[in-house]
Amino acid sequence: MMVNDIEYIRQAEATRVQVLSEALPYIQQFAGRTVVVKYGGAAMKDSHLKDQVIRDIVFLSCVGLRPILVHGGGPEINSWLDKLGIEAQFKNGLRVTDAPTMDVVEMVLVGRVNKEIVSLINQAGGLAVGLCGKDGNLITARPQGQEGIGFVGEVSNVNIKILETLASNGYIPVVSSVAADESGQAYNINADTVAGEIAAALGAEKLILLTDTRGILKDYKDPGTLIPKVDIREARELINGGVVSGGMIPKVTCCVRSLAQGVRAAHIIDGRIPHALLLEIFTDVGIGTMILGSQYS
């Protein structure tokens, strides 16, 4: 082994120790606290990123946090609709969900995507349990109400008992965003919304949305204009002023709603960055946009 190699190894080890040391106060601060993570976008499609997100979730659990993972699965739903000869339709950004589409959504999200994530977490050394909104009456749905979109739902009620039971016993709940109304009719609900409502019902420490964008940008074309921290009032002003636009509006709105109901901080981070979750939670700089509830800012 060359002297340079030994020096390189020493530096790499020193960096690793430095990182662990910097993480310690955060681990102490968040031990025993609940963190709700919405998992979607590129981090779900790219197998290398997927592996890192799964390992990050297991890491959170191992150092004493209580992670709860909420996922969607739009691309996989589209691919199965295509295989079955059902045309995917969207209206105002929402998937038009007629009865045959609802069947596919439920089969894909609950039967395939959910169980794949559970299996990956278990392989990485965690203890995951897969749920949908129907399990233990976790989520009661109601129709979203827009005309012509079929079985697209909103969250009417969250019953957190099953999540608390699992998380307090060291399990990692993995929740797919399908739920039923009081008559048993299944609904497809936006996964960001489900994550936000679960975080609010649990009084979570953090709600983290893994997305395909750096966070809130002053100029959406320039990643260098990232806004690292805002409070609820500023977030609302950014929506009203048009800085937050398009697909970011529902994400920021969902964060604001959960903060208004007592979640301490919401984070919109870029899931395409390796180990984005650990960087955001356990380092001094963070990588995305943190939105704070007014009482904590």
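Quick notes on the rules
- Residues numbered from 1 in each chain as written.
- Predicted model: local features only at pLDDT ≥ 70, side-chain atom pairs only at ≥ 80, totals over all residues.
- Heavy atoms only, no water.
- Buried < 20%, exposed > 50% of the residue type's maximum accessible area, 1.4 Å probe, protein only.
- Helix = DSSP H or I, 4+ residues; strand = E, 2+ residues; numbered from the N terminus.
- Arc of directions from axis to C-beta.
- Contact = heavy atoms within 4.5 Å.
- Polar contact = N/O pair within 3.5 Å; in protein donor to acceptor, adjacent residues only side chain to side chain.
- Phe/Tyr/Trp six-rings, centres within 6.5 Å; stacked < 30°, edge-to-face > 60°.
- Lys NZ or Arg CZ within 6 Å of the ring centre and 35° of its normal.

Trainee: Can you break down helix α8 (residues 232-240) residue by residue, with the values?
Mentor: Within α8, burial applies to Ile 232, Ala 235 and Leu 238. For α8, the angular spread of buried residues about the axis comes to 120 degrees, placing them on one side. Contact partners of the buried residues in α8: β12 (229-231), α9 (248-260) and β14 (289-292). At the N-terminal boundary of α8, the capping side chain belongs to Asp 231, with an oxygen 3.2 Å from the backbone nitrogen of Arg 233. One or two positions beyond α8, positive phi appears at Gly 242, with a value near 85 degrees.

Trainee: Let's hear about the packing of aromatic side chains: which residues, and what values?
Mentor: Summed over the entire model, instances satisfying the criterion amount to three aromatic pairs. Considering the side-chain rings of Phe 59 and Phe 282, the 5.8 Å spacing of their centres and the 70 degrees angle between planes classify their relative orientation as edge-to-face. Pair noted here: Phe 59 is in helix α3 (residues 47-62) and Phe 282 is in helix α10 (residues 276-282), with a separation of 223 residues, a long-range link. Its relative accessible area of 29% is what places Phe 59 among the partly exposed residues. Residues Phe 151 and Tyr 187 carry aromatic rings whose centres are separated by 5.9 Å and whose planes lie at 80 degrees to one another, so their mutual orientation is edge-to-face. Of the two residues, Phe 151 is situated in the loop between β6 (139-143) and β7 (152-158) and Tyr 187 in strand β10 (residues 186-189); the sequence distance between them amounts to 36 residues. Lying across the ring of Trp 80, Lys 83 places its NZ or CZ 4.1 Å from the centre.

Trainee: Kindly report on the side chain of Lys 38, identifying the contributing residues and their values.
Mentor: Following the sequence through the fold, Lys 38 ends up in strand β1 (residues 34-39). In terms of polar contacts, Lys 38 uses its side chain to reach the side chain of Asp 192, at 3.0 Å. Excluding residues that lie within four positions of it along the chain, Lys 38 makes contacts with Val 70, Gly 72, Ala 191, Asp 192, Ala 195, Ile 208, Leu 209, Leu 210 and Lys 251.

Trainee: Give me the lowdown on unusual backbone geometry, citing residues and values where you can.
Mentor: Positive phi outside glycine occurs at Asn 137, with the angle close to 50 degrees. Note on placement: Asn 137 falls in the loop between β5 (128-132) and β6. With a phi close to 55 degrees, His 275 is a non-glycine residue in the positive phi region. By the secondary structure assignment, His 275 is in the loop between β13 (265-270) and α10.

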